[in-house]
Amino acid sequence: MSMITNASATTAIMSALQSSLATFSVSVAWPNHNFQIPDDSLWIRPTIKIPSTEIAEIGDNGMGLRNGLLMIQIFDRVGRGTKRINGLADRLERTFRRKDIGDIWFDEPTSNPIGNDPNGYFGILLSVDFHYW
């Protein structure tokens, strides 16, 4: 078991997300990149949070277990129904559901409607917990 950094975990997770979208037409608002909300297409905004770290081994060189949360906001224009947006949520859930990406392991994802935003988009929030040393 090797200890990974927050930066390498973020890179691995975002790479897996990008690979899963290779055959799907969707705009991505990557963290800390310029992004223009598209006029008429699906788009997503991924965010990674590390809400807690636990002591997993005692001692100066002991490892900590990091518990993370991957959140992907998924948006489609209001009035289009939910077939496309739910289809993308399902695809992204399958991408991360109980998967291991290197030394990062994921739990069971959930997707929940978050409603309409002021820009005329309907949203779903996909959330999945993950862990790494």
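The preceding data block contains the structure.
Everything numeric in this text was worked out from a predicted model, so none of it was measured.

S.K.: It is not clear to me how the overall build of the protein chain should be interpreted in this structure. Could you clarify?
M.R.: Secondary structure summary: the protein chain contains two helices and seven strands in total. The order of α-helices and β-strands along the protein chain, N terminus first, is α-β-β-β-α-β-β-β-β. For the protein chain, the C-alpha atoms occupy an extent of roughly 55 × 30 × 30 Å along the three principal directions. By residue count, 34% of the 133 residues in the protein chain fall in the buried class. Here the analysis covers contacts within the protein chain between residues at least 6 apart in sequence; of these, 61% occur between residues at least 24 apart. Of the accessible surface of the protein chain, which amounts to about 7800 Å², a share of 49% is contributed by carbon and sulfur atoms. With 12 positive and 14 negative side-chain charges, the protein chain shows a spacing of 9 Å between the two charge centroids.

S.K.: When you look at the packing of helix α1 (residues 6–20) against helix α2 (residues 83–96) in this model, what are you seeing that I'm missing?
M.R.: Where α1 meets α2, the closest approach of the two axes is 10 Å, and the angle between their N-to-C directions is 135°. Judged by the angle between their axes, α1 and α2 are oblique. Helix-helix and strand crossings are classified by hand; for α1 and α2 the assignment is right-handed. For the pair formed by α1 and α2, the contact residues are I13, A16, L17 and S20 on the first element and R91, L92, T95 and F96 on the second. Looking at side-chain class alone, the contact of α1 with α2 contains five nonpolar, two polar and one charged residues.

S.K.: Explanation requested: the pattern of salt bridges in the structure shown.
M.R.: Two side chains carrying opposite charge are able to pair once their charged atoms lie near each other. One pass over the structure, following the stated rule, counts four salt bridges. Of the charged contacts, one joins D76 and R80 as a salt bridge, the two residues approaching to 3.5 Å between their closest N and O atoms. Given the relative accessible area of 1%, D76 is considered buried. Salt bridges sharing partners connect three or more residues here, namely D76, R80 and R84.

S.K.: In this structure, what is going on with the environment of P46? I would like to understand it.
M.R.: Among the structural elements, P46 can be located in strand β2 (residues 43–55). For P46, a relative accessible area of 2% puts it in the buried group. The sequence separation of P46 and I13 amounts to 33 residues, and the corresponding C-alpha distance is 9.9 Å. Ignoring sequence-local partners within four residues, the contact set of P46 consists of M14, L17, V28, A29, W30, P31, M71 and I72.

Cut-offs applied
- Residues numbered from 1 in each chain as written.
- Predicted model: local features only at pLDDT ≥ 70, side-chain atom pairs only at ≥ 80, totals over all residues.
- Heavy atoms only, no water.
- Helix = DSSP H or I, 4+ residues; strand = E, 2+ residues; numbered from the N terminus.
- Buried < 20%, exposed > 50% of the residue type's maximum accessible area, 1.4 Å probe, protein only.
- Contact = heavy atoms within 4.5 Å.
- Areas by Shrake-Rupley, 256 points an atom, 1.4 Å probe, with all protein chains shown as cover.
- Lys, Arg positive; Asp, Glu negative; His and termini not counted.
- Charge placed at Lys NZ, Arg CZ, Asp CG, Glu CD.
- Axes fitted to C-alpha atoms, helices over the stretch in contact; angles between N-to-C directions.
- Parallel < 35°, antiparallel > 145°, perpendicular 65-115°, else oblique.
- Left-handed = near helix turned anticlockwise from the far one by under 90°.
- Nonpolar A, V, L, I, M, F, W, Y, C, P; charged D, E, K, R; others polar.
- Salt bridge = Lys/Arg side-chain N within 4 Å of Asp/Glu carboxyl O.

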